[in-house]
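Structural overview for review
Here is what each chain is made of, one letter per residue.
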Amino acid sequence: MSLAAAVEMARAGRLYPSVILHGGSAEERAAAAAHLARTLLCEAPTGERPCGSCRHCRRVAMPGEDGGFHPDFFVLERDLKTATSVEATKELLRPAQLTPFEARGQVFVVASAESLTGEAANALLKTLEEPPGSSQRHFLLLAPSQFDLLPTLRSRSLAVFLGGGERVGDEELEALAEPFAGALARLRAGEGAARMAAAAALLALDSWRDPRAQEPWERAAEVVLHAGRRQGLSAGLLALADDLLSAHRARVRGIPAARIVEGLVHRHLAAEGPAAALSGRRPRG
């Protein structure tokens, strides 16, 4: 669903209690959350929400933005280096046990929902499944991809896609692809052991710490295609890029990233050789 459609649902009072705002950049997700929150809390007539000038619209602001304090708008930012803890999540949810102070409802924003620990996600899930009271409460979950969230949260939320995120610049992509392209060239020269170097080059792109993060896999697929354009694309490279895009699902099941990448490289590049390149063939996507 688009953001515009979600805003229309919010105006009409039909927006799902839980909404995943995914795609786009972190700044775009924050701006979308603030816009939806103003729409939900605005006191103007339905068709004019958000008006931008009422007491609610003026005071809804994400951290770092200019604006006052709104007692019915809450934002949870990542409290640990790589995760959002269950303690911080429960603290965010505490006001949900109370009636709204000023507005007709409450809005809770989880700014890095992809970083929720399992316990934190379950605490949020319990509130979604057993909402306290009858007041309107909306939970906006911000993440690079909806698939960064646990399936149980996704199944109880409306996903709103904000478009593709920030693309890597050509110079940065070239630097990232250089080690993989070198390993690919050695593979095609008959050095079978270069498969390990190719896998290591992809694993060096990111810390890969968060098992639910999709971004490292997307970046790795982009690197594979970029290197293939330099060295010559092959069916194996195209298949490797495709599988990397869905490999985060295996990561969620507890399989280490290194094992996944090494397995995919071995599966798709084992046959790379002098005749592997597809002359004139363009990559998919």
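Anything mentioned here points back to the structure above.
These lines cover the structure that appears in this document, whether it is placed above or below.

Attention now moves to helix H4 (residues 86-93). Among all positions in H4, only Val 86, Ala 88, Thr 89, Leu 92 and Leu 93 are buried. For H4, the angular spread of buried residues about the axis comes to 160°, placing them on one side. Contacts from the buried residues of H4 go to strand E2 (73-76), strand E3 (105-110), helix H5 (118-129) and strand E4 (136-143).

Before going further, it helps to spend a moment on the environment of Asp 79. Assignment of secondary structure puts Asp 79 in the loop between E2 and H4. On the basis of relative accessible area, Asp 79 is assigned to the partly exposed category, the value being 38%. Once the C-alpha coordinates of Asp 79 and Ser 112 are considered, the two residues, 33 residues apart in sequence, prove to be 9.8 Å apart. Those residues within four positions of Asp 79 in sequence are excluded, and the remaining contacts are Thr 84, Ser 85 and Ala 88. In terms of polar contacts, Asp 79 uses its side chain to reach the side chain of Ser 85, at 2.6 Å.

Moving on, we come to the state of the cysteines. Inspection of every chain in the model, using the stated rule, returns zero disulfides. The thiol of Cys 42 is not disulfide-bonded; the next cysteine sulfur, from Cys 51, is found 3.6 Å away. According to the relative accessible area criterion, Cys 42 is buried, its value standing at 0%. Here Cys 51 falls in the partly exposed class, since its relative accessible area comes to 30%.

Rules and cut-offs
- Residues numbered from 1 in each chain as written.
- Predicted model: local features only at pLDDT ≥ 70, side-chain atom pairs only at ≥ 80, totals over all residues.
- Heavy atoms only, no water.
- Buried < 20%, exposed > 50% of the residue type's maximum accessible area, 1.4 Å probe, protein only.
- Helix = DSSP H or I, 4+ residues; strand = E, 2+ residues; numbered from the N terminus.
- Arc of directions from axis to C-beta.
- Contact = heavy atoms within 4.5 Å.
- Polar contact = N/O pair within 3.5 Å; in protein donor to acceptor, adjacent residues only side chain to side chain.
- Disulfide = S-S within 2.5 Å.

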